[in-house]
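# Coordinates in review
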Amino acid sequence: MRLSKMHLKTLREVPAEAEIPSHILLLRCGMIRKLVSGVYGFMPLGQRSLRKVEEIVRQEMDAAGAQEVLMSAVQPAELWEESGRWYAYGPELWRLKDRNGRDFCLGPTHEEIFTDIARDDISSYRQLPTMLYQIQTKYRDEARPRFGLMRSREFIMKDCYSFDRDDAGLDESYRIMYDAYSKVFTRCGLTFRPVEADSGAIGGSNSHEFTAFSEVGESEIAYCESCDMAATSERAECVDDPATEAELLPMEEVHTPGTKTIEEVADYLGLDKKQTMKALLFAVYDEEGQVKEYVAAFVRGDRDLNMTKLVNALDIPEHAIEFADEEKMGAVTGSVGGFTGPVGLHDCRIVVDSELPGQKNLCAGACKEDHHLLNVNFDRDYKADLITDIKMIKEGDPCPVCGKPIKMTRGIEVGQVFKLGTKYSESMGATYKDENMTDQLIVMGCYGIGITRTLSAVIEQHHDENGIIWPLSVAPYHVIITEIKPGDEAQDKVAEDIYEKLQAAGVEVLLDDRKERPGVKFKDADLIGIPVRITVGRGAADGQVEYKLRRDADKEDISVEEAISRAIEIVEKEGRG
Ligand code: ATP
Ligand code: MG
């Protein structure tokens, strides 16, 4: 491709709405184009890199034995009602009606569609196992679309579904996909780690996220350096502090004016936060949007609540719970904003973190303005409707596997694999007949890769202050020939010669033949991050060019032939990833 003919608009300035490097660089390189919040189009360079990521994914899915299909983005509500997700998926589900008032959604994922295929097409054990996948556009009306392609409302996903006879079969399909994912992300040039994950709205029992290391990532990972424990913070189990051995002291009400937060009350009373308990108050809504019940969740004062664990313990969708209106909840349950404790609460579900019953003589809100209670003890002073781990792990906590201190880091979730089991085949009736002609439920797995998010993650891990540094495997072009003075006879001849020879060898080449200053050309080449730069300048007359890799600082003057063979060699070696 000749740059003079290319539809390319690069930006010198950092676009105001972009906060993170991948978003800034995708816009500055003219790779993507924003239409509305969370909705982007792909321009020529962007489309090329996108297709590279897709192709790597496609090759690894095919190699894993999955077969490619393509389903519609438009999905009828009936299928989602069958699975129970028309309600459970909540406001992220992009809903629409046709002219006759029939409900549809734009698929955020395709479990229902593929379970429907399975129940129609699979009848015998002889057809199992089987795996289907697609690379297709997904829609999620995200509450906070941000960071460009990282969290958008329209995005491209590879989703794959496995169908097996039993759990052992699913284990094998899961292992195959897990390995394929490791190959995909390695080939894309990512440094990543598979971590245990919560299965969220998809459901099922067992799940891993593939997380690309990055400070801007939205996934928080707890990991252990002494053993191989690694999990998202939502998922990571916490070890309860051992029960304290202490005599139960008499409960006592104390005046604590204006101490609404744990910090304030602990300071005021001269207590360690570990001697206090924290209340978090929620309203749970039914399908009509009416308050179904109030929930008071309690964790020790030095802990944070883990919302995912709470929602799982309550067995409700995430969107069905919100912080309660303090006044409304108070009128029903006796809670008092900032001064709520478990003693004296009524008509609300009390969920207590598993650590609290063992902790003696705690300070808690008195359910009375400006008052707290000292020496509050489980069982004697308060009961719980549910006692379970609802706390968030933090750096330094003991590892749930080996007990050594936990480390925390951040990452970008680029893919996730789930063991669905029979969640969908049961609700939607997808069965096969075994050898004895008995009906059995199909056992399913599902496996997603965010294609567009992966592209962002690659940029997050591969850039510097001048622009992107593409790994060869996903670069829009492998080589850029920067001609210093187009129109100069010797330079034109050498540039064209290299251009043709490289293309003939299957190398993807950009020829910067624009009548621009060399500085502008070098800046653009660095910005768009083409891995190999061959500069054709004054030396052209003597058959010399400059060879430089975007990732290295060194430049070298070498012969035209040498430059061509080096470029071919590096593409052969790294072009596939
Ligand atoms: P997240 O927790 O980031 O919202 P998710 O767990 O809901 O993601 P999955 O349902 O597992 O996402 O979807 C599979 C993959 O699709 C994710 O691993 C991610 O790479 C990608 N993905 C999900 N949501 C988005 C989005 N809004 N924008 C871009 N990619 C996304
Ligand atoms: Mg996920």
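Conventions we followed
Residues numbered from 1 in each chain as written. Chains lettered and ligands numbered in written order. Predicted model: local features only at pLDDT ≥ 70, side-chain atom pairs only at ≥ 80, totals over all residues. Heavy atoms only, no water. Domains from an automatic or database assignment. Salt bridge = Lys/Arg side-chain N within 4 Å of Asp/Glu carboxyl O. Helix = DSSP H or I, 4+ residues; strand = E, 2+ residues; numbered from the N terminus. Buried < 20%, exposed > 50% of the residue type's maximum accessible area, 1.4 Å probe, protein only. Pairing = 2+ DSSP bridges. Axes fitted to C-alpha atoms, helices over the stretch in contact; angles between N-to-C directions. Near = heavy atom within 4 Å. Polar contact = N/O pair within 3.5 Å; in protein donor to acceptor, adjacent residues only side chain to side chain. Areas by Shrake-Rupley, 256 points an atom, 1.4 Å probe, with all protein chains shown as cover. Nonpolar A, V, L, I, M, F, W, Y, C, P; charged D, E, K, R; others polar. Donors = N, O, S within 2.8 Å, 3.2 Å for Na, K, Ca; no water. Phe/Tyr/Trp six-rings, centres within 6.5 Å; stacked < 30°, edge-to-face > 60°. Parallel < 35°, antiparallel > 145°, perpendicular 65-115°, else oblique. Left-handed = near helix turned anticlockwise from the far one by under 90°. Contact = heavy atoms within 4.5 Å. Core = buried A, V, L, I, M, F, W, Y, C linked by side-chain atoms within 4.5 Å.

### Considerations on the domain arrangement of the protein chain
Looking at the protein chain, the domain boundaries give domain 1 (31-189 + 419-460), domain 2 (252-388) and domain 3 (468-574). Using C-alpha coordinates to define each centre, domain 2 is positioned 65 Å away from domain 3.

### Thoughts on the pattern of salt bridges
Scanning the model with the defined rule gives 50 salt bridges in all. Linking glutamate 435 and arginine 165 is a salt bridge whose minimum nitrogen-to-oxygen distance equals 2.7 Å. Here arginine 165 lies in the loop between β8 (154-164) and α6 (167-187) and glutamate 435 lies in the loop between β22 (431-433) and β23 (439-441), a separation of 270 residues in the sequence. Overall, the relative accessible area of 46% leaves glutamate 435 in the partly exposed class. Owing to a relative accessible area of 28%, arginine 165 belongs among the partly exposed residues under this scheme.

### Quick look at the sheet that holds strand β19 (residues 371-376)
The three strands lie next to each other as β13-β19-β18, forming an open sheet whose pairing is antiparallel. Looking at which strands have only one partner, the edges of the open sheet turn out to be β13 (252-255) and β18 (362-365). For this sheet, the mean angle separating the axes of adjacent strands, direction not counted, is 30°. Looking at chain direction, β13 and β19 are connected through four bridges and run antiparallel. Across the sheet, residue glutamate 252 finds its bridge partner in β19, namely leucine 374.

### Section: the site of ligand 1
In the region of ligand 1, 15 residues are neighbours, and Arg140, Glu142, Arg151, Ser152 and Glu413 sit closest. Arginine 140 has a polar side-chain atom sitting 2.9 Å from an oxygen atom of ligand 1. Here glycine 415 contributes a backbone N or O atom positioned 3.5 Å from an oxygen atom of ligand 1. Its free accessible area being 580 Å², ligand 1 has 85% of it covered by the protein chains. Per element, the largest residue contribution to the shell around ligand 1 is five residues, and it comes from strand β21 (residues 407-421). Counted by class, the shell around ligand 1 contains six nonpolar, four polar and five charged residues.

### Describing the coordination of the magnesium ion (ligand 2)
Coordination of the magnesium ion (ligand 2) by the protein is provided by Glu413 (OE) and Gln416 (OE1), with metal-donor distances spanning 1.8 to 2.2 Å. Residue glutamate 413 is classed as partly exposed on the basis of its relative accessible area, which comes to 23%. Classification of glutamine 416 by relative accessible area gives buried; the value is 10%.

### A look at the packing of aromatic side chains
The full count for this structure, using the stated rule, is 12 aromatic pairs. With centroids separated by 6.0 Å and ring planes inclined at 85°, the aromatic side chains of tyrosine 181 and phenylalanine 185 adopt a geometry described as edge-to-face. Of this pair, tyrosine 181 and phenylalanine 185 both sit in helix α6, separated by four residues, roughly a single helical turn. Exposure class is identical for tyrosine 181 and phenylalanine 185. Each is buried.

### Let's talk about the packing of helix α2 (residues 44-63) against α6
At a minimum axis separation of 9 Å, α2 and α6 run at an interaxial angle of 150°. Relative to α6, the element α2 lies roughly antiparallel. Helix-helix and strand crossings are classified by hand; for α2 and α6 the assignment is right-handed. Contact residues: α2 offers Ile56, Val57, Gln59, Glu60 and Met61, while α6 offers Met177, Ala180, Tyr181, Lys183, Val184 and Arg187. Taken together, the residues of the contact of α2 with α6 break down into seven nonpolar, one polar and three charged.

### Topic: the environment of glycine 448
Among the structural elements, glycine 448 can be located in strand β24 (residues 443-450). According to the relative accessible area criterion, glycine 448 is buried, its value standing at 16%. Sequence-wise, glycine 448 and lysine 501 are 53 residues apart; in three dimensions their C-alpha atoms are separated by 39 Å. Not counting residues up to four positions away in its chain, the partners in contact with glycine 448 are Met157, Lys158, Asp159, Tyr181, Val414, Gly415 and Gln416.

### Side note on the nonpolar core
Of all hydrophobic cores here, the largest spans 62 residues; its most connected members are Met61, Met177, Tyr181, Phe185 and Trp470. Top element by residues in this core is α6. It accounts for seven residues. Of the domains in this structure, domain 1 (31-189 + 419-460) and domain 3 (468-574) are the two that each give at least three residues to this core. In contact with tyrosine 181, other than residues within four places in its own chain, are Met61, Lys158, Phe210, Gly415, Gln416, Val417, Tyr447, Gly448 and Ile449. Judged by nonpolar contacts, the second largest core, of 26 residues, contains Leu79, Phe418, Met428 and Met444.

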